[in-house]
Amino acid sequence: MKREQWGSRAGFILAAVGSAIGLGNIWRFPYMAYENGGGAFFIPYLFAMLTAGIPFMIMEFSLGHKLRGAAPRAFSKMGGKLEWLGWFQVFIAAIIAVYYVAVIGWAISYLSFSFNQSWGSDTNAFFFGEYLMLGDNSPSKLGSLQIHIAIPMAIAWAITFAAIFTGVKGGIERASKIMMPLLFLMVLGLITRIVFLPGALDGLNYLFQPDFSKILDAKVWSAAYGQIFFTLSVGFAIMIAYSSYLPEKSDINNNAFMTVLINCGFSITAGVLIFGVLGYMAQEQAKPLTEVVSAGVGLAFVTIPAAINLLPAPYILGPLFFLALVVAGLSSHISIIEAVTSAIIDKLNWSRKKAASIVCGTGFVVSMAFATNGGLLLLDLVDYFINNVALLTSCLIELAVIGWLFKVADVRSYVNNISEFSIGKWFEVCIRFLSPAMLAVILATNLVNTFNDGYGGYAMSDLLVLGWGLVAAMFVVAVIINLASKPQSHQEA
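Worth saying up front: this structure is predicted, and the values here are computed from it rather than measured.

What counts, and at which threshold
Residues numbered from 1 in each chain as written. Predicted model: local features only at pLDDT ≥ 70, side-chain atom pairs only at ≥ 80, totals over all residues. Heavy atoms only, no water. Helix = DSSP H or I, 4+ residues; strand = E, 2+ residues; numbered from the N terminus. 1 Å grid on protein atoms, 1.4 Å probe; cavity = no way out; pocket = protein on both sides within 12 Å on 5 of 7 lines; lining within 4 Å. Points joined across faces, edges and corners; volume = space filled by probe spheres on them. Nonpolar A, V, L, I, M, F, W, Y, C, P; charged D, E, K, R; others polar. Buried < 20%, exposed > 50% of the residue type's maximum accessible area, 1.4 Å probe, protein only. Polar contact = N/O pair within 3.5 Å; in protein donor to acceptor, adjacent residues only side chain to side chain. Contact = heavy atoms within 4.5 Å. Expected span 1.5 Å × (residues − 1).

**Examining unusual backbone geometry**
You will see that A286, though not glycine, has its phi angle at about 50°, which is positive. The residue A286 is located in the loop between α13 (252-284) and α14 (296-310) in this model. If you check the backbone angles, A313 has positive phi at about 50° while not being a glycine. Mapping A313 onto the fold places it in the loop between α14 and α15 (314-348).

**Focus: empty space enclosed by the protein**
Evaluation of the coordinates by the stated rule reveals 1 cavity of 30 Å³ or more. The calculated volume of the largest cavity comes to roughly 60 Å³. Lining the largest cavity are L190, I194, L273, I274, V277, I304, A307, I308, L311, L317 and F321. Looking at the lining of the largest cavity residue by residue, the class counts come to 11 nonpolar, no polar and no charged.

**Describing the side chain of N373**
With respect to the helices and strands, the residue N373 is situated in the loop between α16 (352-367) and α17 (375-405). Judged by relative accessible area, which is 11%, N373 ranks as buried. A polar atom in the side chain of N373 sits 2.7 Å from the backbone nitrogen of S144. The contact partners of N373, leaving out residues within four places of it in the chain, are L132, M133, L134, N137, L142, G143, S144 and Q146.

**Observations regarding helix α11 (residues 218-231)**
Look at α11: 20 Å from first C-alpha to last across 14 residues, which is about the 20 Å you get at 1.5 Å a residue. Listed in full, the buried residues belonging to α11 are V220, A223, A224, Y225, G226, Q227, I228, F229 and T231. For α11, the N-terminal capping position is held by D217, with its side-chain oxygen 2.9 Å away from the main-chain nitrogen of K219. Positive backbone phi, approximately 60°, marks S233, located one or two places after α11.

**Focus on the layout of surface pockets**
Reported here for the largest pocket is a volume of approximately 1,500 Å³. Considered class by class, the residues forming the lining of the largest pocket number 25 nonpolar, 18 polar and 5 charged. Of the pockets and cavities examined, the second largest pocket occupies roughly 470 Å³. A94, I95, V98, T362 and V366 are the residues nearest the centre of the second largest pocket, which is lined by 23 residues in total.

Here it is, written out as structure tokens:
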């Protein structure tokens, strides 16, 4: 079976950027910057981008391109019984896919609410009470299925399925070429209006005002590296799958630099948008900005709707904002599902249509757990363990494998041979020493804190089963698949 290919370089870069740019750029990055020294945070952030983001992206692009396979096939071709690492990454992608789609579903609902601000004046009570119907629930006591959440989730699945089913060139590339320019235009349009609102510049001042005393704080550097790993879609099989569809003559170094720079540029642009809105909101409500700032789900579905209520022309700016959220979410969701689908196509030799149907069908059924009263709590717990334990572990093992078990110099010479410009020794230093050292510190801190303090006040039984247990189960199943596999032949797919 001849491997599919991207139709154009721009198509590949837009798809890779679409994967990297997700909800985290909009609701996580601005808050991280604000909390970690404002303008001063950009120094460790840019340093992390150069020493971790770009080298990791070059490494994953080269793996997929050279070994012509999704993550499990690529790692198994490296020998040393490493296929399990690819499957561990695919399981991370599969789990992220089934809960991430819930947030896209909420964004689709809020897109419809935004035309007449039907969330009312108390946006907090509306989101948690009326919309999610969160009552006396827990991650293991989910309550009943909420049809008004399940339907928008089904719409999100249908769009993802259509893109994956149609193939790399006809589906994913075409969707990315529409979604990414649309996303950038919407965000720039929103910024153009919002920066002229009273108080908006105060918000930007808050975001960019440097607090250089924070530069010496190890936590700030840890946050910068953590943000880079969270935001770039590395370490969970996506970029390896995407780059396996590149033509033989592909400029890996240039593609990696462009993908990372566009993603990080978008994060900063989203920061301008969010803090412009928050500055205006603080002025309108005569509150200090520190009282209106929030991160994550609360920012998108409580704070921003409250701000939209105050905006001039909310029936235009509100739908624009939530459409941007939906598009950012969908482009990432498509890439996450492609990572899973391509691994199954490689392993079982299924047709794309069969693999896409089974992956999306199974994913849809499992994701309904997040369309319940307690769906948000289950999402919060699973997301914490996947991002802070499983994903960081996967990245660390991948760096150790490439940096120490195999010759990282071979990766450098491979990409330099096919790229317009060459990368220097710094690449090897980053892959072998700098990135693993920072990751190890972040992962160790997360593990110690989670062991000692638990997470989110959830019951120990929930943490053991849905947190630690889930990560352990993914690892065990990945190893079992590895042991059951015949050694991968080195012939091309």
